[in-house]
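# Coordinate analysis (summary)
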Amino acid sequence: MYEKQIEPKIWRVWNKAFGAEFNDHLYFELHKKYFKRFYNGKITKRYARIRKKLNQRDEVDLRELDKYIIWNLDKK
């Protein structure tokens, strides 16, 4: 089994919502000495990948996360 399959669903939702905020390595990579955001007028693939990971937390609906938290509290 994969590591993500073992985790409870609430942890996966939580990590999807707030995981980018806790990943300091993304910010360190953005501010490395020779990191290039653009090459020949185009966004580099490396920068696009990092930006996508950082923007993923904005796409998560916090109401959905709240629903799972309330559901788990009612379950106890």
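Below: a short report on this structure. (Residues numbered from 1 in each chain as written. Predicted model: local features only at pLDDT ≥ 70, side-chain atom pairs only at ≥ 80, totals over all residues. Heavy atoms only, no water.)

## Structural notes on the overall build of the protein
Secondary structure assignment for the protein yields 5 helices and 2 strands. Helices (α) and strands (β) of the protein occur, in sequence order from the N terminus, as α-α-α-β-β-α-α. Taken across its 76 residues, the protein has 21% of its residues classed as buried. Relative to all contacts within the protein whose residues are 6 or more apart in sequence, the contacts with residues 24 or more apart total 55%. Total accessible area computed for the protein in this model is approximately 7000 Å², and 54% of it derives from carbon and sulfur atoms. (Helix = DSSP H or I, 4+ residues; strand = E, 2+ residues; numbered from the N terminus. Buried < 20%, exposed > 50% of the residue type's maximum accessible area, 1.4 Å probe, protein only. Contact = heavy atoms within 4.5 Å. Areas by Shrake-Rupley, 256 points an atom, 1.4 Å probe, with all protein chains shown as cover.)

## Focus on unusual backbone geometry
You will see that Asn40, though not glycine, has its phi angle at about 55°, which is positive. Structurally, Asn40 is set in the loop between β1 (38-39) and β2 (42-43).

## Some remarks on the nonpolar core
Counting 6 residues, the largest nonpolar core is built from Leu26, Leu30, Phe35, Tyr47, Ile50 and Leu54. No other element matches helix α4 (residues 45-59), which puts 3 residues into this core. If we ignore the near neighbours within four places in the chain, the residues touching Leu26 are Ile50, Lys53 and Leu54. (Core = buried A, V, L, I, M, F, W, Y, C linked by side-chain atoms within 4.5 Å.)

## Remarks on the packing of aromatic side chains
The final tally for this structure, using the stated rule, is 2 aromatic pairs. Each ring, one from Phe38 and one from Tyr47, has its centre 6.4 Å from the other, and the planes form 50°; the classification is tilted. The exposure class assigned to Phe38 is exposed, which follows from its relative accessible area of 52%. (Phe/Tyr/Trp six-rings, centres within 6.5 Å; stacked < 30°, edge-to-face > 60°.)

## A short note on the side chain of Thr44
Position of Thr44 relative to the elements: it lies in the loop between β2 and α4. For Thr44, a relative accessible area of 17% gives the class buried. Non-local contacts of Thr44, meaning those with residues more than four positions away in its chain, are made with Lys36, Arg37, Phe38 and Tyr39.

Honestly, it's all geometry; don't read function into it.
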